[in-house]
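# Remarks on the overall topology
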Amino acid sequence: MKIEIHTEYIKLEALLKLAGACETGGEAKNAIQAGLVTVDGEVCTQRGRKLRPGMTAAYDGTEYEVAACV
């Protein structure tokens, strides 16, 4: 699933909320800290991790690709 952003980057926690993978920031934080989220194929426990266009995050069986809004 492609997630388009209008900024230089998006934080991992915000990406999960924007994509609808998590309903709240708290839910996103818990998923990230529990090691349930990967960034570019590696487990990431930093909720403030900056994702730039071209990077991917995966959670609960769905992969999210960050893309620049054209």
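Okay, so let's go over this structure. As the structure is a prediction and not an experimental result, all values here were calculated from the model. (Residues numbered from 1 in each chain as written. Predicted model: local features only at pLDDT ≥ 70, side-chain atom pairs only at ≥ 80, totals over all residues. Heavy atoms only, no water.)

### A word on the pairing of strand β6 (residues 56–59)
Each regular strand shows side chains that alternate between the opposite faces of the sheet. Our working rule: Criterion used throughout: strands pair if DSSP finds at least two bridges between them. Strands are runs of DSSP state E lasting at least two residues, helices are runs of H or I lasting at least four, and both sets are numbered from the N terminus onward.
Relative to β6, strand β3 (residues 37–39) runs antiparallel, the two sharing three bridges. Opposite Thr38, over in β6, you have Ala58 as the bridge partner. Two strands pair when backbone bridges link them, and β6 and strand β7 (residues 62–68) are joined in this way by four bridges, in the antiparallel orientation. Paired with Tyr59 across the bridge in β7 is Thr62. In textbook terms, the turn of a hairpin is the stretch between consecutive antiparallel strands, and for β6 and β7 this stretch comprises two residues, one of which, Asp60, has a positive phi near 55°.

### Section: the packing of aromatic side chains
Our working definition: Side-chain rings of Phe, Tyr and Trp (the six-membered ring for Trp) are treated as a pair once their centres are within 6.5 Å; stacked means planes under 30 degrees apart, edge-to-face means over 60, and tilted covers the remaining angles. By the criterion adopted, a ring carries a charge over it if an Arg CZ or a Lys NZ lies within 6 Å of its centre and within 35 degrees of its normal.
Under the criterion given, the structure shown has zero aromatic pairs. Sitting above the plane of the Tyr9 ring, Lys50 keeps its charged end 4.7 Å from the centroid.

### With respect to the nonpolar core
The condition that has to hold: In this description, a nonpolar core means a group of buried Ala, Val, Leu, Ile, Met, Phe, Trp, Tyr and Cys residues linked to one another through side-chain atoms lying within 4.5 Å. Exposure classes here rest on a 1.4 Å probe applied to the protein chains alone. A residue is buried below 20% of its type maximum, exposed above 50%, and partly exposed in between. A contact between two residues is defined here by any heavy atoms of the two lying within 4.5 Å.
Ranked by internal contacts, the top residues of the largest apolar core, which has 21 residues, are Leu12, Leu15, Leu16, Val37, Leu51 and Tyr59. The set of elements that each furnish at least two residues to this core consists of β1 (2–5), α1 (12–18), α2 (25–33), β3, β6 and β7. Residues within four places of Leu51 in sequence aside, it is in contact with Ile5, Tyr9, Ile10, Leu12, Leu15, Val39, Ala57 and Val66.

### Here we look at the side chain of Thr56
Take Thr56: it is sitting in strand β6. Residue classification places Thr56 among the buried positions, given a relative accessible area of 18%. Those residues in contact with Thr56, other than ones at most four positions away along the chain, are Thr38, Val39, Asp40, Glu63, Tyr64 and Glu65.

### Overview of the pattern of salt bridges
The test is simple: The term salt bridge refers to a side-chain nitrogen of Lys or Arg lying within 4 Å of a carboxyl oxygen of Asp or Glu.
This model, assessed by the stated rule, comprises two salt bridges. As a salt-bridge pair, Glu8 and Arg52 come within 3.5 Å of each other at their nearest N and O atoms. Placement of the pair is Glu8 in the loop between β1 and β2 (10–11) and Arg52 in the loop between β5 (50–51) and β6, with a sequence separation of 44 residues. Residue Glu8 is classed as exposed on the basis of its relative accessible area of 55%. Overall, the relative accessible area of 34% leaves Arg52 in the partly exposed class.

In short, geometric facts, not functional conclusions.
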